[in-house]
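Residues per chain are reported as follows:
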Amino acid sequence: MGLFDDLHPPIANRDALVDGTPGVDIYPDLAPAPGEHIIKKHRYSGFFGTDLDIILREWGIDTVIICGTTTENCCQATALDAMFRDYRVVFLSDATATYDYPDRGFGPMPNADVHHAILVILAASTAHVMSVADLATRVSTGRYGDVTPTRRS
């Protein structure tokens, strides 16, 4: 668990993020198809301490599409590590999410504010931020390689 023990009591107590504890199973609608790899993460980034980079390179993948939770932790860390490894990064704005942050000495922060801030930062520095519909349009029209996001006002 690394230094997570210092930050979050359920991790220190091994009540979370351990095989067999609530919330670690793959959501049934997202279960991998036969032959697909399962990458077990041990830190925020899907690249840290896993074979993800080796698998993607073996398959000739050049673009990583990010979805999941939490926007500012696991999703952002994986997006950054993908970019550092020279993958194109698509960050799905409406397929990533987070939670409300309680006051830990700096005031609380609602999930919408956290999510928005990370999307703005990633769009400026790391990833092509777009909606699932925008990505689907690019894929269906054969513009999959065109990951430049459509800006919304």
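Residues numbered from 1 in each chain as written. Predicted model: local features only at pLDDT ≥ 70, side-chain atom pairs only at ≥ 80, totals over all residues. Heavy atoms only, no water.

**So, the overall build of the protein**
Worth spelling out the cut-off: The helix count covers DSSP runs of H or I at least four residues long, the strand count covers runs of E at least two residues long, and both are numbered beginning at the N terminus. Using C-alpha atoms as the atom set, the radius of gyration is obtained and then compared with a globule rule of 2.2 Å times the number of residues to the power 0.38.
Scanning the protein from terminus to terminus reveals 6 helices and 3 strands. Moving toward the C terminus, one meets the helices and strands of the protein in the order α-α-α-β-α-β-α-β-α. The C-alpha atoms of the protein give 17 Å as radius of gyration, which agrees with the globular expectation for 153 residues (15 Å, within 12%). Across its three principal axes, the protein shows a C-alpha extent of roughly 50 × 40 × 30 Å.

**Thoughts on the environment of Glu-36**
Worth spelling out the cut-off: When accessible area is computed with a 1.4 Å probe and restricted to protein chains, residues below 20% of their type maximum are described as buried, those above 50% as exposed, and intermediate ones as partly exposed.
Position of Glu-36 relative to the elements: it lies in the loop between helix 2 (9-12) and helix 3 (52-58). Residue classification places Glu-36 among the partly exposed positions, given a relative accessible area of 47%.

**A short note on the nonpolar core**
Rules: Nonpolar core, defined: a set of buried Ala, Val, Leu, Ile, Met, Phe, Trp, Tyr and Cys residues in which side-chain atoms within 4.5 Å join the residues together.
In terms of nonpolar packing, the biggest core is built from 16 residues, with Phe-47, Val-64, Ile-66 and Phe-91 touching the most fellow members. Within the residue set of this core, elements represented by two or more residues are helix 3, strand 1 (63-69), helix 4 (71-84), strand 2 (88-97) and helix 5 (111-125).

**Re the pairing of strand 2**
Definition in use: Between any two strands, pairing holds if DSSP finds at least two bridges. If the strands point away from the viewer and the path from the first strand over the helix to the second runs clockwise, then the crossover is right-handed.
Of the strand pairs in this sheet, strand 1 and strand 2 are connected by 6 bridges, and their pairing is parallel. Bridging across to strand 2, Thr-63 finds its partner in Arg-88. Note on the crossover from strand 1 through helix 4 to strand 2: the handedness is right-handed. Once you follow strand 2 into helix 5 and on to strand 3 (residues 128-130), the crossover reads as right-handed.

**Remarks on the packing of helix 4 against helix 5**
What counts here: Helix axes are fitted to C-alpha atoms over the stretch in contact, other axes to C-alpha atoms as well, and angles between N-to-C directions run from 0 to 180 degrees. For classification, angles of less than 35 degrees are called roughly parallel, those exceeding 145 degrees roughly antiparallel, those between 65 and 115 degrees roughly perpendicular, and all remaining angles oblique. Contacts are residue-level and defined by heavy atoms, with any inter-residue pair within 4.5 Å sufficient. For this classification, the nonpolar set comprises Ala, Val, Leu, Ile, Met, Phe, Trp, Tyr, Cys and Pro, the charged set comprises Asp, Glu, Lys and Arg, and every other residue, Gly included, is treated as polar.
With their axes 11 Å apart at the nearest point, helix 4 and helix 5 run at an angle of 5 degrees to one another. With respect to their mutual orientation, helix 4 and helix 5 come out roughly parallel. The residues of helix 5 that touch helix 4, namely those facing Thr-71, Glu-72, Gln-76, Ala-79 and Met-83, are Val-114, His-115, Ile-118, Leu-122 and Ser-125. Class assignment for the residues of the contact of helix 4 with helix 5 results in 5 nonpolar, 4 polar and 1 charged.

**Structural notes on the packing of aromatic side chains**
Heads up, the rule is: Classification of ring pairs rests on two measures: the distance between centres of Phe, Tyr or Trp rings, Trp counted by its six-membered ring, which must be within 6.5 Å, and the angle between planes, read as stacked under 30 degrees, edge-to-face over 60 and tilted in between.
Counted according to the given criterion, the structure contains 2 aromatic pairs. With a centroid separation of 4.7 Å and 20 degrees between ring planes, the pair formed by Tyr-99 and Tyr-101 is classed as stacked.

**A look at the confidence of the model for the protein**
Convention followed: In predicted models, pLDDT denotes the confidence assigned by the predictor to each residue on a 0 to 100 scale.
For the protein, the mean per-residue pLDDT works out to 89, and 93% of the residues sit at or above 70. Highest mean pLDDT in the protein belongs to helix 5 (98); lowest belongs to helix 1 (residues 4-7) (72).

**Looking at the sheet that holds strand 2**
Pairing within the open sheet is parallel, and its 3 strands lie in the order 1-2-3. Each edge of the open sheet carries a strand with a single partner, namely strand 1 and strand 3. For this sheet, the mean inter-axis angle between neighbouring strands, taken without regard to orientation, is 25 degrees. Note: strand 2 against strand 3, 3 bridges, orientation parallel. The residue bridging Leu-92 from the neighbouring strand is Met-130, located in strand 3.

**What about the pattern of salt bridges?**
If charged atoms from side chains of opposite charge come close, those side chains can pair. To be explicit about the condition: In what follows, salt bridge is the name for a side-chain nitrogen of Lys or Arg lying within 4 Å of a carboxyl oxygen of Asp or Glu.
The final tally for this structure, using the stated rule, is 4 salt bridges. We note a salt bridge from Lys-40 to Asp-19, for which the minimum N-O separation is 2.7 Å. Here Asp-19 lies in the loop between helix 2 and helix 3 and Lys-40 lies in the loop between helix 2 and helix 3, a separation of 21 residues in the sequence. Residue class for Lys-40 comes out partly exposed when judged on its relative accessible area of 48%. We note a salt bridge from Arg-57 to Asp-53, for which the minimum N-O separation is 2.9 Å. Placement of both Arg-57 and Asp-53 in helix 3 is noted, with a separation of 4 residues, approximately one turn of the helix.

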